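Residue-level structure breakdown
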Amino acid sequence: MKTNHALDAINHLFQTLMKNRVDPYGGKVLLLGGDFRQCLPVVRHGNRVKIIEATITNNATRPLFRQLRLVQNMRTADGSQDFADWLIQLGNGSLAQTPRLNDPDLIEIPQGLLSIRTNLIEHVFGDPSDLLNEGVREQICNRAILCPKN
């Protein structure tokens, strides 16, 4: 189901449950969270235009939403502000293009932001031999490797 259609279904459901066909979502407050730049809908055999059409931004109720933005990355540790700023620029599409890459979909990660470790998976999740330990399972459930560009 397209994200756009899912919002329409939720709107219809709340209007029916609340017996309020006048107000969007039956007069209830709907809170959507997340970075929508990182969770585009999957459209079978869809091109870029079809994917954009399926997003929340093209929903009829979208102009009624109030968008709140975080102003500080709470997961950023001291000394990693450069990395946080670079991620924001990447997400906003405002990184300077690297002429030698010749492809707008390719990005260059600055050398200073690269991890010294050679194995990213071990850096994030730890030693694979420890993964079956009870305490480690809890820790790795809260970790992920995000790829802003595949």
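Read on for a plain summary of the structure.

A few words now on the side chain of Asn 20. Tracing the backbone through its elements, the reader meets Asn 20 in the loop between α1 (3-18) and α2 (48-53). Judged by its relative accessible area of 18%, Asn 20 is buried. From its side chain, Asn 20 meets the backbone oxygen of Gly 26 in a polar contact 3.5 Å long. Beyond its immediate stretch of four places on either side in the chain, Asn 20 contacts Gln 15, Gly 26 and Gly 27.

What follows covers the packing of aromatic side chains. Using the criterion set out here, one finds 1 aromatic pair in the structure. On the numbers, 6.2 Å between centres and 70° between planes, the contact of Tyr 25 with Phe 65 is edge-to-face. Here Phe 65 lies in the loop between α2 and α3 (81-92) and Tyr 25 lies in the loop between α1 and α2, a separation of 40 residues in the sequence. Overall, Phe 65 belongs to the partly exposed group, its relative accessible area being 24%.

About the criteria used
Residues numbered from 1 in each chain as written. Predicted model: local features only at pLDDT ≥ 70, side-chain atom pairs only at ≥ 80, totals over all residues. Heavy atoms only, no water. Helix = DSSP H or I, 4+ residues; strand = E, 2+ residues; numbered from the N terminus. Buried < 20%, exposed > 50% of the residue type's maximum accessible area, 1.4 Å probe, protein only. Polar contact = N/O pair within 3.5 Å; in protein donor to acceptor, adjacent residues only side chain to side chain. Contact = heavy atoms within 4.5 Å. Phe/Tyr/Trp six-rings, centres within 6.5 Å; stacked < 30°, edge-to-face > 60°.

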